[in-house]
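Listed here are the chains, written in short residue letters.
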Amino acid sequence: VIKYNDLEHSIEISDFVHNWNTGLYTNGVKVLSENNEFKEITNAGLTGKSNKMIKITSECGKVIECTYNHLIKTKNRGYVQAKDLVQTDELDIKN
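Residues numbered from 1 in each chain as written. Predicted model: local features only at pLDDT ≥ 70, side-chain atom pairs only at ≥ 80, totals over all residues. Heavy atoms only, no water.

Undergrad: I tried to follow the environment of Phe 16 on my own but got confused; where do I start?
TA: Here Phe 16 shows up in helix H1 (residues 13-21). Spatially, the C-alpha atom of Phe 16 lies 9.0 Å from that of Gly 45, the residues being 29 residues apart in sequence. In this structure Phe 16 touches Ile 2, Ile 11, Tyr 25, Val 29, Ile 41 and Ala 44, once residues within four positions along its chain are discounted. (Helix = DSSP H or I, 4+ residues; strand = E, 2+ residues; numbered from the N terminus. Contact = heavy atoms within 4.5 Å.)

As structure tokens, this is what we get:
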């Protein structure tokens, strides 16, 4: 979720990066952080575009698509690389 000109909306990361790099956004763009606070963006880019991706679905139905080495916060083991998650891990994610 981003906030721009006091409006909040969801956007795919790749679309946001494209809009940022083409100058659609100017100063004042904020992104919703893990602790539900909006933080100002100062730069945007994509990394690992050619890396293999993994899809993780939480018990509540939330889907996370990330690289295999992306760190996922769990309640029982702290941060774990996505590739190392096991069935008994409890994901610590917001709905």
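Undergrad: Would you explain the sheet that holds strand E4 (residues 38-40) in this entry?
TA: Strands belonging to one sheet form pairs held by backbone hydrogen bonds; the direction of such a pair is parallel or antiparallel. Spatially, the four strands line up as an open sheet ordered E2-E1-E3-E4, and their pairing is antiparallel. Two strands close off the open sheet at either side, each with one partner strand: strand E2 (7-9) and E4. Going across the sheet, the axis of each strand differs from the next one's by a mean of 30°, ignoring polarity. Note that strand E1 (residues 2-4) and E2 share three bridges and pair antiparallel. Residue pairing in the sheet places Tyr 4 in a bridge with Leu 7 of E2. (Pairing = 2+ DSSP bridges. Axes fitted to C-alpha atoms, helices over the stretch in contact; angles between N-to-C directions.)

Undergrad: Would you mind going over the packing of aromatic side chains with me for this structure?
TA: Aromatic rings considered in pairs are described by the distance between their centres and by the relative angle of their planes. If you walk through the whole model with that rule in mind, you get three aromatic pairs. On the basis of an interplanar angle of 75° and a centroid distance of 5.2 Å, the ring pair of Tyr 4 and Tyr 25 is categorised as edge-to-face. Separated by 21 residues along the polypeptide, Tyr 4 in strand E1 and Tyr 25 in the loop between H1 and strand E3 (30-32) bring together distant segments of the chain. Exposure class is identical for Tyr 4 and Tyr 25. Each is buried. When the ring of Phe 16 is compared with that of Tyr 25, the centres are 5.1 Å apart and the planes differ by 25°; the resulting orientation is stacked. What makes Phe 16 buried here is its relative accessible area of 9%. For Tyr 25, a relative accessible area of 9% puts it in the buried group. (Phe/Tyr/Trp six-rings, centres within 6.5 Å; stacked < 30°, edge-to-face > 60°. Buried < 20%, exposed > 50% of the residue type's maximum accessible area, 1.4 Å probe, protein only.)

Undergrad: Can you walk me through the environment of Asn 19 in this structure?
TA: Residue placement: Asn 19 occurs in helix H1. By relative accessible area, Asn 19 is classed as buried at 17%. The spacing of Asn 19 and Glu 59 is 40 residues in sequence and 33 Å in space, taken between C-alpha atoms. Beyond its immediate chain neighbours, meaning those up to four positions away, Asn 19 contacts Ile 11, Leu 24 and Tyr 25.

Undergrad: For this particular structure, what's the right way to read the pattern of salt bridges?
TA: Once their charged atoms are close, side chains differing in charge can pair, the charge on each being opposite to the other. Under the definition given, this model contains five salt bridges. Between Lys 83 and Asp 84 there is a salt bridge, with its nearest N and O atoms 3.4 Å apart. According to the relative accessible area criterion, Lys 83 is partly exposed, its value standing at 46%. Assessed through its relative accessible area of 37%, Asp 84 is described here as partly exposed. (Salt bridge = Lys/Arg side-chain N within 4 Å of Asp/Glu carboxyl O.)

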